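Structural description and commentary
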Amino acid sequence: MIELQKKPYTINIGVDDFKKMATSTTLFVDKTSFISTLLESGYHVTLITRPRRWGKTLNMTMLQYFFSIPVKSNGEIDEEEQSKKHDIFSKLKIGKQLDIIKGYCGKYPVIFISFKDAKATTFEEMQENIADLIQELYKSHRYLLESPKLDDIDKDEFKRYITGPLTNPMILKALKTLSYFLFKHFNQKVFILIDEYDTPLNDWYALQLARETLSDTEDMYFQNVLNLFRGIFSSALKGNDSLEKGVVTGILRVAKASLFSGLNNFGEDSILDENYAEHFGFTETEVNSLLYKSGLDQNPGTAQTLKSWYNGYNIGGFTIYNPWSIMNCLNNKGAFKAYWVGTASTTLIENALILDKFQEEMQMLIEGEKVDMIADPKMVFADIKSSPNALYNLLLFSGYLTAEKAKLAMDGITYLCSVKIPNYEVRGVFMTSAIQWIENKFKTDARDYKAFVTHLLRGDVPKFMETLKSYLGASASYFDSGPKQAELLYNGFMWGLFASSVNEDYFVEKERETGKGRADLLIIPKETGAIKSETLG
């Protein structure tokens, strides 16, 4: 972390520009050791998958700023700016490795492109969006038009990328072509950085979960988008003589797409791997340092509460905290809230969590139990409807579960894992999904829940029982659902109902043994510690 030398500092939330973070009095965590880990890797192209808001884009802009050659408008190297870069990075962790600073800082051309906003409902719209991104990318390297090392044919082709329109073949080879131009100009191979590569495909998976069947048009759209991105990535990263190294980031490994098939010297790193574990998310040491810098370490209970809310992730032997939540908590002077939830579209997760076949396991996870699974970084997420294991893979790699234990299986590809909900914040997502599932089953809503529970807490048991009977009467009958499903419905209904309605003021526990029997539910006021209990069975 940068030492601020007791200067006033600010906390910038959602800033992904490393240069802005590093050159201001912004409080941030120094992850520049990521640079040396990447350079020490023997892989030509590396795919790194992490949950959303875990610092992927900030790390990618760090790589861009570190490696990129600063240039003037005429294409000449800006030596003054290059010197500033050296000065900035020499004061950070990477500065201890002088050979890397001298050999790589400001010494390579860089192509950086992010697909985080590449969303569309038609293939034509997707093509236009990608074409716009490519045109902006070429404009950022407009100085190449002044290069004496590019001939007239090169410059004419470069101009066509700026003026458009871009044909599909032009889009497919755009990154490779630009890397060739940069290589000719600088006589130095290129770093290609592709951020959030899977965003355009995740929306399709969410649509597939929400629908019983997809129309031929929708399926054709998906196949066309796959072919588009497969062509872009294959051209840029496979057999590209102008490529020094490629880094690709995303949330999920889109296996079915085979977007990276055939790539030589291709490496992957997920939350089950060790190589980049400490470079994404915050380690416990980093969180303690942030608490000290912000002054929140004065309260001994703050760190412990922070753990229950935001950590719980076991990655590569490190205890990792959700960075987005930590920074928001610091910015709000230690207010513990669900900051990570709702920061982006979670339609894919939401649609998966309310499927009937998963409710028994979802209830187990909510109650703090663990579920055994086979984790497969190459899992086909489109198979979630038919494969419970695919669902757990989705939840694991998206940050909604963490692997307490992970052992490499005999096939050398998959992992035998025991997974659980990582922390209090994420548990709220499961609770919300349980409520939504119950609402669908019992044809009610959260407002009715609240009124229903209030009857019990006020001692109006007759009114409570009357409403309970009406709910159960509206659900599927015992004969329709069978004994196992009926019990599941009842357990899910009662647990979700009470936990969602009274969790702010009460502890809710299930199946606690008391005396000669046990209550289905215990409702314990948090402030007084007095116990109100009702046997509901």
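For the structure given in this document, a descriptive report is provided here. Source: prediction; values computed, not measured.

Looking now at the nonpolar core. I326, M362, L395 and F430 are the most contacted members of the largest nonpolar core, which totals 56 residues. Considering each element in turn, this core owes the most residues, six residues, to helix α17 (residues 388-397). I326 has contacts with F282, V287, L290, L306, Y310 and Y321, leaving out every residue within four places of it along the chain.

Once that is clear, we can look at the pairing of strand β4 (residues 243-250). In terms of burial, β4 is largely enclosed, as seven of its eight residues are buried. Bridge analysis of strand β3 (residues 190-195) against β4 gives five bridges, and the strand direction is parallel. Note that in β4 the partner of V190 across the bridge is L243.

Tallying each qualifying case throughout the model produces 28 aromatic pairs. Ring geometry for Y108 against F191: centres 5.2 Å apart, planes inclined by 90°, an arrangement best described as edge-to-face. Placement of Y108 in the loop between α5 (98-104) and β2 (110-114) and of F191 in strand β3 is noted, with a sequence separation of 83 residues between them. Exposure remark for F191: the relative accessible area of 1% places this residue in the buried category. Relative to F158, the ring of Y138 lies with its centre 5.1 Å away and its plane at 55°, an arrangement referred to as tilted. With a gap of 20 residues between them, Y138 in helix α6 (residues 123-139) and F158 in helix α7 (residues 152-163) connect regions that are remote in the sequence. An aromatic cluster is defined as three or more aromatic residues linked by ring pairs; in this entry it consists of F18, F28, Y65, F66, F67, F89, Y104, Y108 and F191. The ring of W340 carries the charged tip of R52 above its face, separated from the ring centre by 4.3 Å.

Turning our eyes to something else, we now look at the pattern of salt bridges. Within the structure shown, the criterion is met by 10 salt bridges. Taking the shortest distance from any N to any O, the salt bridge between D269 and R50 comes out at 2.8 Å. Of this pair, D269 sits in strand β5 (residues 266-269) while R50 sits in the loop between β1 (45-49) and α3 (56-67); the two residues are 219 residues apart in sequence, bridging distant segments of the chain. Classification of D269 as buried rests on a relative accessible area of 2%. Judged by relative accessible area, R50 falls into the buried class, the value being 0%. The partner of E284 in a salt bridge is K307, and the shortest N-O contact between them spans 2.8 Å. Residue E284 is located in helix α12 (residues 284-294), and its partner K307 is located in helix α13 (residues 300-310); the two are separated by 23 residues in the primary sequence. On the accessibility criterion, E284 (25% relative accessible area) is partly exposed. Residues joined in a network through salt bridges with shared partners are K370, E404 and K420.

Analysis parameters
- Along each chain, the written sequence defines residue order, and numbers are assigned to residues from 1.
- pLDDT decides what is reported in this predicted model: residues at 70 or higher carry local features, side-chain atom pairs at 80 or more are listed and counted, and totals for whole chains, interfaces and linings draw on all residues regardless.
- Only heavy atoms go into the side-chain values, all of them from the structure, while hydrogens and water stay out.
- Grouping buried Ala, Val, Leu, Ile, Met, Phe, Trp, Tyr and Cys residues that are joined through side-chain atoms within 4.5 Å yields what is termed a nonpolar core.
- Burial classification: accessible surface area is computed with a 1.4 Å probe over protein chains only, and a residue below 20% of its type maximum counts as buried, one above 50% as exposed, and the rest as partly exposed.
- What counts as a helix is a DSSP run of H or I of at least four residues, what counts as a strand is a run of E of at least two, and both are numbered from the N terminus.
- Contact definition: two residues touch when any of their heavy atoms are within 4.5 Å.
- We call two strands paired when DSSP finds no fewer than two bridges between them.
- Ring pairs shown here join Phe, Tyr and Trp side chains whose ring centres sit within 6.5 Å, with only the six-membered ring taken for Trp; geometry is labelled stacked below 30 degrees between planes, edge-to-face above 60, and tilted in between.
- Whether a charge sits over a ring depends on NZ of Lys or CZ of Arg being within 6 Å of the ring centre and within 35 degrees of the ring normal.
- Salt bridge, as applied in this entry: a Lys or Arg side-chain nitrogen positioned within 4 Å of an Asp or Glu carboxyl oxygen.

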